[in-house]
Amino acid sequence: MRRRGKGGGSVFYHEGKGKWVAQLTWVDPATGRKVKREKHCETRKEAERALADMVAAQAKGLLTDPSRLTTRDFALEYLKRLEREGLRPNSIRLALDELAHALPSLKDPKAHDPLGRMRLQEVKPVHVRAAMDRVVEAGYAPRTVGRVLMRLKALFREALRLELVARNPAEAVKVRLPKGEKAARALEPHEVARLLEAAEASRSKDMALLLRLMLETGLRRGEALALQWRDIDLEAGELTVGRAWVKVAGRGAFSEPKTPTAKRKVPLPRGLLLRLKARREELLARLTPEEVDGLFLVGGVRPVDPDAFNHYLRRLAERAGLGRVRVHDLRHTWATLALSRGVPLEVVSERLGHASFTVTLTIYRHLLEEERRGWVLDLEELLYPATRAQA
């Protein structure tokens, strides 16, 4: 055996295994326990190099105490921590769904899950890459695949912050995917008109009114479904957003708005205001004002299932000949129409309840095709207006 100075480790030949062994022992300052790390090599020279690497890594704090914690176990702890930190239930459900594509044992403990059953500290980029390959082969949309990789990076970033791993194995992984469809579709004005015509002809007055409200205010689905008549001030011509109705574990539940700025007052356009007043008068014909105030715009004494409006919109869009229209497209349409008609960015951001103007600018500033074609700089008209006027 060849020993170095204190903390320098040792290199020796293991007769039973027929290997050279690089061995390093140190005391973990966090636990006070003695930690030993070994690496078996074919030659003494390889063992010397391995020991030098271990000594250098340990000096930088990159050698952690070996743990039996699996990736699945850590992912479960990570999700519980997000819940304790106050993340919205719908956001936690989304995080679980996305992580479960790569770590299926999160939802089914008996599922085949090579990455989830590995010790957290043993995971390398090649293992993350293999898990992502399985997600791609399962046929998920490009956007979903990208979200799964983003979640894995965030998961291992948390492990790195807690010094459970020496590096983030997901950061080195890149997945090249074909461009999928846009995150949202902005309906053209004539498409909005056709959708509203189909809604007026539908059986549900309340669903039709909710559709118009979302198109004219840009509210999120959960915000609109959580509205009660008491949240609408018909005299002031505005509504108050204070909570959201979302789906958690397969059931509807109330949740805090998505961002602190999502709690807001939204002014109502005149046409929408008149429709709301007319609908309230219909309800007052058979109920007291107090009873009406306690009703939700759709569903009565209890909001409808969050997915019910999705199904209604899908059937409506098909009847209107618009193809696929998603709920978020309504919000995107409002923002696009507002910005294309000169509504200031800060006003649009405030109405949407975004955390910052940057979010609005990044996601929603898309001009309609006809508007983009109209923005042409004519230098002749700019430099020689009199000549062009005479022509």
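Residues numbered from 1 in each chain as written. Predicted model: local features only at pLDDT ≥ 70, side-chain atom pairs only at ≥ 80, totals over all residues. Heavy atoms only, no water.

Participant: Tell me about the overall build of the protein, and please be specific about residues and values.
Facilitator: Counting its regular elements, the protein contains 18 helices and nine strands. Per-residue burial for the protein yields a buried fraction of 41% across its 391 residues. If you take every contact in the protein between residues at least 6 apart in sequence, the share linking residues at least 24 apart comes to 60%. Approximately 22600 Å² of the protein is accessible, and the part contributed by carbon and sulfur atoms is 52%. (Helix = DSSP H or I, 4+ residues; strand = E, 2+ residues; numbered from the N terminus. Buried < 20%, exposed > 50% of the residue type's maximum accessible area, 1.4 Å probe, protein only. Contact = heavy atoms within 4.5 Å. Areas by Shrake-Rupley, 256 points an atom, 1.4 Å probe, with all protein chains shown as cover.)

Participant: Quick one: what's the story with the environment of L316, residue by residue and with numbers?
Facilitator: Residue position: L316 is located in helix α12 (residues 306-319). Judged by relative accessible area, L316 falls into the buried class, the value being 0%. In the structure, L316 is positioned 118 residues away from A198 in sequence and 6.3 Å away in space, judged by C-alpha atoms. Beyond its immediate sequence surroundings of up to four residues, L316 is in contact with L195, A198, A199, S202 and L211.

Participant: Describe helix α7 (residues 189-200), naming the residues involved and giving the relevant values.
Facilitator: End to end, α7 covers 17 Å across 12 residues, agreeing with the expected 16 Å (1.5 Å per residue, within 8%). Every buried residue of α7 is accounted for by E191, V192, L195, L196, A198 and A199. Viewed end-on, α7 has its buried residues packed into an arc of 160°, placing them on one side of the element. Check the buried side of α7 and you find it contacts α8 (205-217), α12 and α13 (327-340). (Expected span 1.5 Å × (residues − 1). Arc of directions from axis to C-beta.)

Participant: Describe the confidence of the model for the protein, naming the residues involved and giving the relevant values.
Facilitator: Scored by pLDDT, the protein has a mean of 84; 85% of the residues are at 70 or more. The model gives residues 365-371 a pLDDT under 50, and that stretch makes 19 contacts with residues more than four places away or in other chains. (pLDDT = per-residue confidence, 0-100.)

Participant: Break down the packing of helix α5 (residues 125-137) against helix α6 (residues 142-161) for me, citing the residues and quoting the values.
Facilitator: Angle between the axes and distance between the axes are the two parameters that describe a pair of packed helices. Across the interface, α5 lies against α6 with an axial gap of 10 Å and an inter-helix angle of 155°. Relative to α6, the element α5 lies roughly antiparallel. In the crossing of α5 with α6, the sense of the turn from one axis to the other is right-handed. Where α5 abuts α6, its residues V128, M132, V135 and V136 lie against V145, V148, L149, L152 and F156. (Axes fitted to C-alpha atoms, helices over the stretch in contact; angles between N-to-C directions. Parallel < 35°, antiparallel > 145°, perpendicular 65-115°, else oblique. Left-handed = near helix turned anticlockwise from the far one by under 90°.)

Participant: Any details on the pattern of salt bridges? Residues and values, ideally.
Facilitator: Overall, the coordinates contain 24 salt bridges when judged by the stated rule. Its salt-bridge partner being E158, residue R81 comes within 3.2 Å of it at the nearest N-O pair. Here R81 is found in helix α2 (residues 71-84), whereas its partner E158 is found in helix α6, with 77 residues between them in sequence. Among the residues examined, E158 registers a relative accessible area of 13% and is labelled buried. Residue E191 pairs with R185 through a salt bridge whose shortest N-O separation is 2.9 Å. With relative accessibility at 14%, the residue E191 sits in the buried group. R185 sits in the partly exposed class, given a relative accessible area of 24%. Several salt bridges converge on common partners, so that one network encompasses E200, R212, E216 and R275. (Salt bridge = Lys/Arg side-chain N within 4 Å of Asp/Glu carboxyl O.)

Participant: Quick rundown of the nonpolar core? Include the residues and the values.
Facilitator: Where a protein is soluble and globular, its nonpolar side chains tend to be buried together. Ranked by internal contacts, the top residues of the largest apolar core, which has 46 residues, are L195, L211, L239, L276, F309 and L330. Mapped onto this core, the elements with two or more residues apiece are α7, α8, α9 (221-225), β6 (238-241), α10 (270-284), α12 and α13. At eight residues, α8 tops the list of elements feeding residues into this core. Excluding residues within four positions of it along the chain, F309 makes contact with M207, L210, L211, M214, V327 and L330. Among the nonpolar cores identified, the runner-up in size contains 32 residues, and M118, A131, L149 and F156 belong to it. (Core = buried A, V, L, I, M, F, W, Y, C linked by side-chain atoms within 4.5 Å.)

Participant: Hey, could you go over the pairing of β6 for me, with residue numbers and the actual values?
Facilitator: Of the two faces of β6, only one is covered, namely that formed by L239 and V241; the face formed by E238 and T240 stays uncovered. Where strand β5 (residues 232-233) hands over to β6, the hairpin turn is made up of four residues, of which G237 adopts a positive phi near 70°. Bridge count between β6 and strand β9 (residues 264-267): four bridges; the pairing is antiparallel. Along β9, the bridge assignment pairs L239 with V266. (Pairing = 2+ DSSP bridges.)

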